[in-house]
Each structure stands twice: as C-alpha cells, then as structure tokens.
Amino acid sequence: MIPVYTRPKSLTDVVSHYCPGCTHGIAHRLVAETIDELGIQGRTVGVASVGCSVFAYNYFDVDFQQAAHGRAPAVATGIKRVRPDAIVFTYQGDGDLASIGMAEIVHAAARGENITVIFINNAIYGMTGGQMAPTTLVGQKTTTSPFGRDPRNQGYPVKISELLATVKGAYYVARFSLHDPANIQRAKQGIKKAFQYQMEGKGFSLVELLSTCSTNWGMTPLNALKWLEENMVPEYPLGEFKTGEVS
Amino acid sequence: MSESVLMKGNEALAEAAIRAGCRYYFGYPITPQNEISEYMARRLGEVGGVFVQAESEVSAINMVYGAAGAGGRVMISSSSPGISLMQEAISYIAGAELPCVIVNMCRGGPGLGGIQPSQADYFQATKGGGHGDYRLIVLGPATIQEGCDLMATAFEMADRYRNPVMILGDGMIGQMMEPVVFPEPLDLTKLPPKPWATSGNEGRKKNLISSIYLDPEELDAHNWRLEEKYRKIRENEVRYEILHGDDAEWFFVAYGTVARICTAVMQKLRRQGIKVGLIRPISLWPFPDEAFEKVIDRAKGFLTVEMSTGQMVEDVRLAVDGRRPVYFYGRTGGAVPTPRSVERRLREMMDGKVPSQTDYFDRVGGAAR
Amino acid sequence: MERRVRFNEDHCKSCELCVSVCPKKIIKIRTGLNRLGYHPAYVPDEDQEKCISCALCARMCPDAVIEVWRP
C-alpha cells in the first residue's frame, strides 16, 4: 500500500485538549504538515499565546515559548533577533491578537519582523467561556453580548487581514477558512507560503484562519462549519490581501 | 582599558553591559534613562548585537522574554512608570526562570509623578511588583563605578540562578557624571552554555519556556522549587558595606546616592567625636540582615534615610526586630535629603527624641509617624 | 487484509466531520466507547475496498486520527 495521507511527524502523538470538531486541530495539523514538508522541524521555534491555543506547545514537536496574553509577536521578535536562522511562528487567537495584542501585532508587521503569524479567528473567546471578541459579528450572541453584538454599544468587528495589508512592513497577509476540505487545502498552501517567505527572509507574514467554536457557539461541529461558511465568510472575505513589499 | 573616563551614569551602565556580554537590548523611551537606549542604539551594532525600540514597555519586556528564552544575553532599562508596565512579563520571566538584567532609573511617583531622582520603587523591586511568588535579585549602586562593576555580576548571577536581576538606580546615578574605569570586555566564548534555550530542537528533545502549571500539585512544587532557589540566593548573594562598624553607636542606613549624603554627614560628625557609622545595603534583595547582626550589640539606634516616604525602613525594622530604635527620614519626588537636615535627625535621635520624618511636616505642621 | 483508511480510534472525539465529507459514505460511528469516552469513527472492514483513498476525511479531521493508503 502507498501512503496518501499520514500523520505529520512534527505533531506530537497526544490527544489534544480541544473540543470535538474544533478547527484548532486542523490548523495545528496544517502547520505541522508545512514544517514537515519544508524540512524545518529542527530549527522551528513556536510561540503559544493565551486562550485555547495556550497549550499549542504540547502538540508541536518543536521548541516553544509560551507568551503572555497578546504578546506573542513581541516574544517572537526577541527569539528571531537572537536566532535569525530559526523559523519562528506565533499561534494566536482573536482575543489574544486582535484585542489585547493589537499593538504588538501591528508593530511586528510594521517592523517587517521576519516571523510568521497563524491567526485563528473564531469570533469569540473560547477558553474563558464564550465572551464577545473584537471579531464577534454584529448581532452575534455571546455571554457578554447576550442580546447580540450591538454596534451602537459594542462597535464593529475588527478585520485584521485588511488592516495589516495596509502596513508596508507586512509581506504576506491572507485569510482562509477551515470549513471544508477544499478551503482547508487552500489554507495549507497559504500557510506554506508564509513559512517559505520567512525562510527567504521576506519579512512579516500572517495567515488568518476562519475557525469554529462549536462549544461556545452552541452548535454541533457540523452546524458550526455551516454557520462559519454562511455568516463569517461574507463578513471576512477570503483571499490573499497582500504579497510583496509595497502596500 | 584601565584608564579613567568621565561619563554620564546611563551611558556608563550601557557600556558596562556591553562589556559584560550584553548583545540584545530592547527599550522604550522614558526619562531619566534615555541615554541607555541611545547608547545601545549606537553601540550594539558595532559589537554584532541587536537594538530594538519597541512600541511600548509592555512589548519591550516581552521581547526580552523571547530573547532570554532563546539564549541571548539581554538587558532592558526603563524608569518607574515604564517598569510598572513591565510587571506582568517580569513575573513571567521569573516564573519561566529566564536570565536578564533590568535597569530601573527610578523617578518620583506615584502615577506620572515627576522625572527627578527617587527611591520610591523599593517595594516594587524587592517585594514583587508583579503577581505570584517570585523574587528579583535587586542591586542598588551608590556610584557610577559601582553600577558598572555590578553589571557583570548582575549578568553572571542572572545566568547562574536563571533569574531576572534588577539594577535599581535612583535617577541621580543615571544623570550625573563621574569618572569610571571599565573592566575588560568579557570573552563571550567562555560564557556557560544554555542547553534549555529555544534554539531549534535538531538532535535533541524539544525545549519549552513556560510558566503555566494548571495542576495545583505541580504549581505548588514549582513554587517551592523556586523558593529553594531564592533561599540559596539569600544565603550566598547578600552584599553590603558597613562603615565604622567597629566603634559606631549610631548608624545611618541608606542605599544608592543617599548613602553618599549620609557618608558626608557621618564624616563631619565623626570629626566632632560622635561615633556614627553607616550600613549601606548593596543587594536590596536579598536584604543584608546580617549587617545588622554585626553591629546590634553596640548600636544605640538606626536612622534610615531614603528618597521615599519610608520603604526600605520596613526591612531595617525586620532586621533589627525591635531590639533597637529605628527611625526614618525621607524626601520624595526629586527632593533630595540635605546633609543639614540629615544631621539634624541624627542629633535628635541621639538626644532621645523621635526625629521628624520629613521637612514637609516641619513646614505645614503635624507629623506622619 | 490491508486497510486503505486507518483510524487511531483512541484519539477520536466523535465530531463526525469525516463522516460529512466522505464521498463514499462508508465512515461509521461505533456504538462502543473509546478510552476518551467518545464513540469513535471507523470504516468497516467490508467497506475498505470501497474507499477511493481521496483522503478528504484525513484532511478534515481536527485530531489527526486518520491515515489513508492506496493499493
């Protein structure tokens, strides 16, 4: 028999703490596949953030640092400046990156810091129990927007990819979705590009992945994928927003 | 280079750090320590190092966390409000047991406060500042030369204990100029290896830099293991100076530049035959309790002088433990104790009176005791 | 017999995303529980021959449970 798909080597052989059907697992797998295919497991350093992905370091068989809430891009900067030959990536959720860590992500991009950011956007705070995120959709109910996000009171969703595409130091900014195999495959190509650009010394790259949180959305994993496709994709258009130095 | 050069304290400390092997510096502008960043921005490139001006103190100290975790010899500097912003990450650095040197050129607080010299961050530096059970090693130099000499010690201790070390300057140290003799630059090839660093796991198991322990038993064990390290530091890293401990009956207790003011008063009084001495803590944490044991039998009283409303005096009281009177005199916000007012307090103490704590209440009436 | 699609059933959380994307509809859920307490997904031995080794299930699986082979 010829292997068609085997478990990535740089993924550790443990059961994750993620809920059933959580697309974090898919994103992890795509990053691990990329590390394997590029042959960089021995020189990759990951930075875990705060939120559901706080334990990301358990799942990748590479060196890792666990960062304070929102500060992963700063931590990655410190690592990359000391180890310019290392391939450094952060793995951050939307609460971490788009709320408390907004300054760090924008300035890491502005510096053209040669790191890769994997940004999970599931429109909610997962780990803390389903509170409103900066990316929560208008009208979306969360535990802290129990009547639906009202723009008059809670403003509008933050669109990170569009925002960072305006930053000159950012080299590659793209948004993908994880709701079906075809989109997952596109996401994989984007993640691979982002790592390759770092290997080529091009500078800052960010891949935003639209993801589900079936537990806190109150849906089955399958319905969550459908909700993502029908509600998040229209609000957060997919595609590559920027490739290259000039904004 | 063994010749003496006249240099501003901030720049001298920066040069001393580079000679102590510091190759990574992350900072954010704040007065009165900007000359450290500016010097690093000019100099680090020449020695193959890296200078990054971060978008905030919060980001800068997290860059330090990353750089220290990756095995770099790294320093950061700031002044009081900036150090306050860094407390979360300092707790992470202590929790993850990473070595780094933090310079605080302390200015007057609270809040935005002022930009003049102060020692009001003693509590923050020595008692925690951030969350959780942790300790910084804190060194309080009294001269620029001592600051430079302590720099190599600070980096060496940071590596040996895998713990952040703070150099607590009192603003004056940073801004004044003094002659200084620099040590020879350290041979970087002789620094101890850091096999725990996140350098890529080629040929070994992966390394993890983290401070998370969700299992209560594990976190309890982690905290007590840290405490055991701190006990060793308390045992081995106490630094202090005693002047005239062999005959003095009345003691000033002061650190940093205030100790120099007290020394001048001490010398004047001794010329008049008054048996005055001085205890100068150099390591503020661990606090040099043993210095007090050396003089307690003969001592009649201690006068602690600080540029604060009374912070180190609490540690002095703990060390003296009620066996002798401990008094306090302080100025804050950039006001510096004058030799005359310091002398007056000592004489009041010798006369059996309780010296007034500050000139402020002398002027407006009343007294905070 | 050599299986085309292999499940590491002890890692499965029964989310059924694989079931939803299988073009041959041969992925089933066991009535019994695995070590984690979930009903794991699997492909019955008699259906292994029907597998076209497209690996959509493996690419959809959030827990890297599935490996796919072809003859």
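Residue numbers run consecutively from 1 along every chain, following the written order of its sequence. Just so you know, chain letters begin at A and ligand numbers begin at 1, following the order they were written in. Side-chain atom pairs in this predicted model are given and counted only at pLDDT of 80 or more, local residue features only at pLDDT of at least 70, and totals for whole chains, interfaces and linings cover all residues. The basis for every side-chain value is the complete set of heavy atoms in the structure, and neither hydrogens nor water enter the calculation.

**Observations regarding the overall build of chain C**
For step 1, the next point in the chain: Every helix listed is a DSSP run of H or I at least four residues long, and every strand listed is a run of E at least two residues long, numbered separately from the N terminus. Counting its secondary structure elements, chain C contains two helices and four strands.
For step 2, the next point in the chain: Ordered by position from the N terminus, the helices and strands of chain C form the series β-α-β-β-α-β.
For step 3, the next point in the chain: Computed over C-alpha atoms, the radius of gyration of chain C comes to 11 Å, within 12% of the 11 Å expected from 2.2 N^0.38 for 71 residues, which places it in the range of a compact globule.
For step 4, the next point in the chain: Along the longest, intermediate and shortest principal axes, the C-alpha atoms of chain C span 30 × 25 × 15 Å.
For step 5, the next point in the chain: Only protein chains enter the accessibility calculation, which uses a 1.4 Å probe. A residue is then buried if its area is under 20% of the maximum for its type, exposed if over 50%, and partly exposed in between. Buried residues in chain C amount to 51% of all 71 residues.
For step 6, the next point in the chain: Of the contacts made within chain C by residues no fewer than 6 positions apart, 59% connect residues no fewer than 24 positions apart.
For step 7, the next point in the chain: For accessible areas, the Shrake-Rupley method is used with a probe of radius 1.4 Å. Any residue's cover is judged against the shown protein chains and nothing else. Here chain C displays about 3600 Å² of accessible surface, and carbon together with sulfur accounts for 48% of that area. For a compact globule the rule gives 2.2 Å times the number of residues to the power 0.38, and the radius of gyration it is set against comes from C-alpha atoms. We call two residues in contact whenever any of their non-hydrogen atoms come within 4.5 Å of each other.

**Section: the domain arrangement of chain B**
Residue and element names in this part refer to chain B.
For step 1, the next point in the chain: Domain start and stop positions are those given by an automatic or database domain assignment. When the domains of chain B are assigned, the result is domain 1 (4-236) and domain 2 (241-364).
For step 2, the next point in the chain: Spacing between the C-alpha centres of domain 1 and domain 2 amounts to 29 Å.
For step 3, the next point in the chain: Listed per partner, the contact involves 31 residues of domain 1 and 24 residues of domain 2.
For step 4, the next point in the chain: Summing both partners gives a buried area of about 2300 Å² for domain 1 against domain 2, and 58% of it is carried by carbon and sulfur.
For step 5, the next point in the chain: Buried area: the accessible surface (1.4 Å probe) lost by two parts on joining, summed over both. Among the residues of domain 1 in contact with domain 2, Gln119, Tyr122 and Phe123 are the three that bury the most area, contributing 30% of the side total.
For step 6, the next point in the chain: Salt bridges, as used here, are contacts in which a Lys or Arg side-chain nitrogen is within 4 Å of a carboxyl oxygen on Asp or Glu. In this assembly, domain 1 and domain 2 are joined by three salt bridges.
For step 7, the next point in the chain: A salt bridge links Arg280 to Glu146, with the nearest nitrogen and oxygen atoms 2.7 Å apart.
For step 8, the next point in the chain: Secondary-structure elements contributing two or more residues to the side of domain 1 that touches domain 2 are helix H6 (122-126), strand E6 (137-139), helix H7 (144-161), helix H8 (172-175) and helix H9 (216-236).

**Overview of the sheet that holds strand E12 (residues 276-281) of chain B**
Residue and element names in this part refer to chain B.
For step 1, the next point in the chain: Pairing between strands requires that DSSP locate at least two bridges from one strand to the other. If you walk across this open sheet you meet the five strands as E10-E12-E11-E14-E15, and the pairing is mixed. Here the strands that pair on one side only, and so sit at the sheet edges, are strand E10 (240-243) and strand E15 (326-330). Put simply, the sheet's adjacent strands are angled 20° from each other on average, direction ignored.
For step 2, the next point in the chain: Strand direction decides the pairing type here: E10 and E12, joined by four bridges, are antiparallel. The residue of E12 that forms the bridge with Tyr240 is Pro281.
For step 3, the next point in the chain: Here the axes come from fitting lines to C-alpha atoms, over the contacting stretch only for helices, and the angles between their N-to-C directions go from 0 to 180 degrees. Set on the sheet, helix H13 (residues 339-350) makes contact with strand E11 (250-253), E12, strand E14 (301-306) and E15; between it and E14 the angle comes to about 160°.

**Observations concerning the arrangement of the chains**
For step 1, the next point in the chain: Of all two pairs of chains in contact, the one with the most contacts involves chains A and B.
For step 2, the next point in the chain: For chain B and chain C, which are not in contact, the least C-alpha distance works out to 20 Å.

**Description of the sheet that holds strand E3 (residues 50-53) of chain B**
Residues and elements named next belong to chain B.
For step 1, the next point in the chain: Within the open sheet, the seven strands sit side by side as E3-E2-E4-E5-E7-E6-E13. Their pairing is mixed. If you trace the sheet from one side to the other, it starts and ends with E3 and strand E13 (283-285), each paired once. Across the sheet, the axes of successive neighbouring strands diverge by a mean angle of 20°, strand direction being ignored.
For step 2, the next point in the chain: By the bridge criterion, two bridges tie E6 to E13 in an arrangement that is antiparallel. Residue pairing in the sheet places Leu139 in a bridge with Ser283 of E13.

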